[in-house]
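Tertiary structure, described
So the chains spell out like this:
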Amino acid sequence: MTSTFAALRASLPQASKTLWKKTSRRLLKLRLDLTGADEDERIRAERRLRGREQYRKLRQADAVVVSFGKSGRTWLRVMVSRLYQQLYGLPENALIGFDNFHNMDRRIPRIFFTHDNYIGDYTGHVDSKADFYDKKVLLLVRDPRDVAVSQFFQWQHRMRPEKKALNQYPPHGEQCSVYEFVRHEGAGLPKVMEFMNLWAREMDKVRQFALVRYEDMRADPHATLSRVAEFLEIPATAEQIQEAVDYASYENMKKMESAQSFRLSGGRMVPRDRNNPDSYKVRRAKVGGYRDYFEDEQVREIDALMEATLDPVFDYRAGEDPAV
């Protein structure tokens, strides 16, 4: 069986799942329209529906990769995909999702990539990670100051209006500076740190747990991907790991996004505006780059907020670049 035929066969159940997801959301909207639900009721219902969809995947997953948005998940995903492509002859223009690679080759586990922002709305476990206790979980984190700035550009150039409302971001079209966004309780640095701190309190309760920092991937991608491969039980050689690292280099990732190379992966790796570098999924990949957007006093305020709030287990210190 050729890899192309395997990819086409695997895409059929994925297409049916996508169709069902869209249909269920339209049916929910119709029901809410008929009952005259207000905006808050609509948001709660939509979040619960998404949480139910994600919880089903969580229960079926062999491993879970959790991250806050803009923490380097796409980069890690491309590297992991490349390892499986080499090992099992899968098509190069596909990114691993939940079970799409598993459907191409049963030796590949179901890996659930999640930003973990809806499951608690369905299960009610908003103050714990009880839903993940019996799973194998890899938590990918990044300096929350860099995450918050990247989230600003995601909100400004890539995020749909309804997604902004669903996740308590500033409303679509609102004038908001990068500093105002980063200090925003519902979208900026406070929200990122709240996410990370909850995981810091809960990580010891998870059956199998690994913590990976974006900054460590930047400093030594080969060593970090080797750790990830070992944790996910990917039987890759040192040469295959190096090839995946080279394939997923920043320059090549930008080139592939511009060329829309991942045609089997929907809109994940597509720039919203080819002429605007801030609209790309792969934007800067700079450690400590948040400082470029603020005055010195603003940097001191942001650093002080992180120093006073973030759990030290992540080893991010104010006033210095994270280092291995």
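So, here is what we can say about the structure in this document.

What counts, and where the lines are drawn
- Residues numbered from 1 in each chain as written.
- Predicted model: local features only at pLDDT ≥ 70, side-chain atom pairs only at ≥ 80, totals over all residues.
- Heavy atoms only, no water.
- Helix = DSSP H or I, 4+ residues; strand = E, 2+ residues; numbered from the N terminus.
- Buried < 20%, exposed > 50% of the residue type's maximum accessible area, 1.4 Å probe, protein only.
- Contact = heavy atoms within 4.5 Å.
- Pairing = 2+ DSSP bridges.
- Phe/Tyr/Trp six-rings, centres within 6.5 Å; stacked < 30°, edge-to-face > 60°.
- 1 Å grid on protein atoms, 1.4 Å probe; cavity = no way out; pocket = protein on both sides within 12 Å on 5 of 7 lines; lining within 4 Å.
- Points joined across faces, edges and corners; volume = space filled by probe spheres on them.

Looking at the overall build of the chain
Of the regular secondary structure elements, the chain holds 14 helices and four strands. Looking at the chain residue by residue over its 324 residues, the buried ones come to 51%. Long-range contacts, defined here as pairs at least 24 residues apart, represent 71% of the contacts in the chain between residues at least 6 apart.

Overview of the side chain of Ser-81
Looking at the secondary structure, you find Ser-81 in helix α3 (residues 73-88). For Ser-81, a relative accessible area of 1% corresponds to the buried category. Setting aside residues up to four positions removed in sequence, Ser-81 forms contacts with Ala-94, Leu-95, Ile-96 and Phe-101.

Quick look at the pairing of strand β1 (residues 63-67)
Burial within β1 is extensive, with five of its five residues counted as buried. A two-sided burial pattern is seen for β1, the buried positions comprising Ala-63, Val-65 and Ser-67 on one face and Val-64 and Val-66 on the other. The pairing of β1 with strand β2 (residues 111-114) spans four bridges and is classified as parallel. What sits directly across from Ala-63, in β2, is Ile-111. By the bridge criterion, four bridges tie β1 to strand β3 (residues 136-141) in an arrangement that is parallel. Counted as the bridge partner of Val-66 is Leu-139 from β3.

Remarks on the packing of aromatic side chains
A full pass over the atoms with the stated rule returns 15 aromatic pairs. When the centroid spacing of 5.4 Å and the interplanar angle of 35° are considered together, the rings of Trp-155 and Phe-181 count as tilted. Taken together, the residues Trp-155 in helix α6 (residues 144-157) and Phe-181 in helix α8 (residues 178-183) connect sequence positions 26 residues apart. Judged by relative accessible area, which is 0%, Phe-181 ranks as buried. A network of ring pairs unites the aromatic residues Phe-152, Phe-153, Trp-155, Tyr-169, Phe-181 and Tyr-293 as a single cluster.

Here's the deal with empty space enclosed by the protein
One pass over the full model with this rule turns up one cavity of 30 Å³ or more. In this structure, the largest cavity encloses a volume near 30 Å³. What lines the largest cavity is simply Phe-68, Ser-71, Leu-140, Val-141, Arg-142, Val-147, Val-192, Phe-195 and Met-196. Elements with a contribution of two residues or more to the lining of the largest cavity: β3 and α9 (189-202).

It is worth stressing that arrangement in space is one thing and function is another; only the former is reported here.
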